[in-house]
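# Descriptive analysis of the structure
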Amino acid sequence: MIMKTGKEYIESLRSRNIKVYVKGQLLKSEEVIDHPFIRGHVNSAAMTFELAHDPASEDLMTVTSHLTGKKINRFTHIHQSKEDLIKKVKMLRMISQKTGTCYQRCVGFDAINALYSTTFEMDQKLSTSYHQRMKKYVEYMQENDIMVAGAMTDPKGDRSLRPGQQADPDMFVHVVERNDQGIVVRGAKAHMTGMVNSHEMLIMPTMGMVAEDKDYAVSCAIPVDAPGVLHIFGRQTNDDRKCEGEIDQGNAQFGIVGGECLTVLENVFVPWEKVFMCGETDFAGMLVERFASYHRQNYGGCKGGVSDIVIGAAAVMADYSGYAKAAHIKDKINEMIHMAETLYACSIACSAEGKQTASGSYFVDPLLANVGKHNVTRLIYDIDRIAQDIGGGLTATLPSESDLRNPEIGKYVEKYFKGVASVPTEDRMRMARLLENMTGGTALIESMHGAGSPQAQKVMYSKLSNLEHKKRCAMAIAGIKPKGDEKAK
């Protein structure tokens, strides 16, 4: 099969024997994707499949595989040009404009691209066979159009200690056994976006490693329902509203953010053909940095698209409330637009400046990718702050949908939360709830910490910015000859 439809993707999840806990309760495997906490995230991910069959989005959503020559979903593709990198960003913004939230498939997309080039260079230096395994795995992904969750972040335990120094070795995923058939891994991966509605996961190390961390330098593919794997679904702000109705959820169809979870690995066996790193500590840092740069490339696309919805919601709230023509409202909306386009510009720039790797695949400019993601950690807060300003206090204090529907008090909700006379009160409430949920709690924190916390980007762009070159340029213009320069004598 090539390129599932959204419906086929959803149905393919029902055959898994997956263990998912929600609020302390183990769900029945076949009912996981129908749980109110999870259903919206499934619908959002399904859009990445469905849009591949829409002629209007086909150019962004599909591509020809360089491995098989077949038409595939772009989320299973290895970037072959700068155009591929740019189309990825445009695709992400387009999908965000349709879902208003995370559609979760990017993490696995970035993982296969980071592993593709890293395994090639590992094989060149070490005479290993990881790259051939990786190519076969990518072909398998493409042929079956599966959703793969990228799994990098470990719980980490005591951050002052390296993986091998932890009091509990399970704070980082590690190899506990190697044999002729494969390896056995143990530990956990935290904040796993889209994990419970994926088919498989790609385990990666979470940081650069030293020789003593050999057992922790591991990358492999594991079915999400493999023996020894269980998932504990995370709480979100206002998530119990998903059990109560539609309006109060804000985005009832697609949810908010990506349905993250803690994934526990209790002595999970992985056959060698699905192992892509096992003890090669010298390449762990390369893999982490490449994955991080690919993933940070995304944020001007996906968060640019999500910001488009926030801007639109704020503008509609101004329309519904009767103050859309006020000069200060127009100015604030323009400021939001400027920030959203700034985010998008960084993602396009790091893609346009991408370069070919030794494997033949293309990699983004890591400096611009990190700067772009760091902008997200700041500007999203400013965009959302202005949106809340325009939306007004009712976005935080509205009565519930149940109150609106109540035969005794609904008339008061209808009467006193009316804005412009021609706009139904329910429409105003719906837009206010969308704004509330998109600019609060879980959504904001994900913008801060998704693809790495701000300090991680600071470390990267500090390392990549070539400060010494900037100093030499300034000295040359000022007429200062560097010390030790033979030409200065």
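Small disclaimer: the values here were computed from a predicted structure and weren't measured.

### Points about the overall build of the protein chain
- Scanning the protein chain from terminus to terminus reveals 16 helices and 14 strands.
- Over its C-alpha atoms the protein chain spans a radius of gyration of 24 Å, differing by no more than 12% from the 23 Å that the globule rule assigns to 489 residues.
- A principal-axis box enclosing the C-alpha atoms of the protein chain has dimensions of 75 × 70 × 50 Å.
- For the protein chain, the proportion of its 489 residues judged to be buried stands at 54%.
- Split by element, the accessible area of the protein chain, about 20,800 Å² in all, is 53% carbon and sulfur.

### Comments concerning the layout of surface pockets
- Its boundaries defined by the atoms lining it, the second largest pocket holds a volume of some 250 Å³.
- As for the second largest pocket, its lining consists of 22 residues, and the residues nearest its centre are Q236, K242, Q249, I256 and N437.
- At the level of secondary structure, the elements contributing two or more residues to the lining of the second largest pocket comprise α2 (36-50), α13 (425-438) and α14 (441-449).
- Top element by residues in the lining of the second largest pocket is α2. It accounts for five residues.
- Grouping the constituent residues of the lining of the second largest pocket by class yields five nonpolar, 13 polar and four charged.

### Details of the pattern of salt bridges
- For the structure shown, the criterion picks out 33 salt bridges.
- The closest approach of N and O atoms between K87 and D59, which form a salt bridge, is 2.9 Å. Of the two residues, K87 sits in helix α4 (residues 82-99) while D59 sits in helix α3 (residues 58-61), which places them 28 residues apart along the sequence.
- E143 is the partner of K70 in a salt bridge, and the nearest nitrogen-oxygen pair spans 3.1 Å. With K70 in the loop between β3 (62-64) and β4 (71-73) and E143 in helix α6 (residues 130-144), the pair connects residues that are 73 residues apart, well separated along the chain.
- A residue is classified by how much of its surface remains accessible, and K70, at 39% relative accessible area, is partly exposed.

### Focus: the pairing of strand β5 (residues 148-151)
- Neither face of β5 is open: one carries V148 and G150, the other A149 and A151, and all of them are buried.
- The sheet contact formed by β5 and strand β8 (residues 200-203) spans four bridges and is parallel. From the neighbouring strand, V148 faces β8, where its bridge partner is E200.

### So, the sheet that holds strand β12 (residues 275-278)
- With mixed pairing, four strands are arranged side by side in an open sheet as β5-β8-β9-β12. Strand pairing shows two members of the sheet lacking a second neighbour, β5 and β12, which therefore form its edges. When strand polarity is set aside, the average angle formed by the axes of neighbouring strands in this sheet is 20 degrees.
- Seen against the sheet, α6 touches β5, β8, β9 (218-223) and β12 and runs at an angle of roughly 145 degrees to β12.

### Points about the environment of Q166
- As for its placement among the helices and strands, Q166 is situated in the loop between β5 and β6 (174-178).
- Residue class for Q166 comes out buried when judged on its relative accessible area of 9%.
- Q166 sits 10 residues away from K156 along the chain, and the two C-alpha atoms are 8.5 Å apart.
- Among all residues touching Q166, those that are not within four sequence positions of it are K156, G157, D158, L161, M171 and F172.
- Within the structure, the side chain of Q166 is placed 2.9 Å from the backbone oxygen of D158, a separation counted as a polar contact.
- Polar side-chain contacts of Q166 include one of 3.1 Å to the backbone oxygen of L161.

### Observations concerning the environment of M195
- Along the chain, the position of M195 falls in the loop between β7 (182-189) and β8.
- Of the residues examined, M195 reaches a relative accessible area of 0% and is grouped as buried.
- Separated by 54 residues in the primary sequence, M195 and Q249 place their C-alpha atoms 22 Å from one another.
- Not counting residues up to four positions away in its chain, the partners in contact with M195 are R16, A149, A151, M201, V224, H231, C261 and T263.

### Focus: the nonpolar core
- Membership of the largest hydrophobic core comes to 77 residues, with the highest contact counts inside it found for I38, V185 and I222.
- For this core, the element with the most residues is helix α5 (residues 106-126), which contributes seven residues.
- Grouped together as the second largest cluster of nonpolar side chains are 55 residues, I311, L343, V376 and A443 included.

Each value, and the rule that gives it
Residues numbered from 1 in each chain as written. Predicted model: local features only at pLDDT ≥ 70, side-chain atom pairs only at ≥ 80, totals over all residues. Heavy atoms only, no water. Helix = DSSP H or I, 4+ residues; strand = E, 2+ residues; numbered from the N terminus. Rg over C-alpha atoms; globule rule 2.2 N^0.38 Å. Buried < 20%, exposed > 50% of the residue type's maximum accessible area, 1.4 Å probe, protein only. Areas by Shrake-Rupley, 256 points an atom, 1.4 Å probe, with all protein chains shown as cover. 1 Å grid on protein atoms, 1.4 Å probe; cavity = no way out; pocket = protein on both sides within 12 Å on 5 of 7 lines; lining within 4 Å. Points joined across faces, edges and corners; volume = space filled by probe spheres on them. Nonpolar A, V, L, I, M, F, W, Y, C, P; charged D, E, K, R; others polar. Salt bridge = Lys/Arg side-chain N within 4 Å of Asp/Glu carboxyl O. Pairing = 2+ DSSP bridges. Axes fitted to C-alpha atoms, helices over the stretch in contact; angles between N-to-C directions. Contact = heavy atoms within 4.5 Å. Polar contact = N/O pair within 3.5 Å; in protein donor to acceptor, adjacent residues only side chain to side chain. Core = buried A, V, L, I, M, F, W, Y, C linked by side-chain atoms within 4.5 Å.

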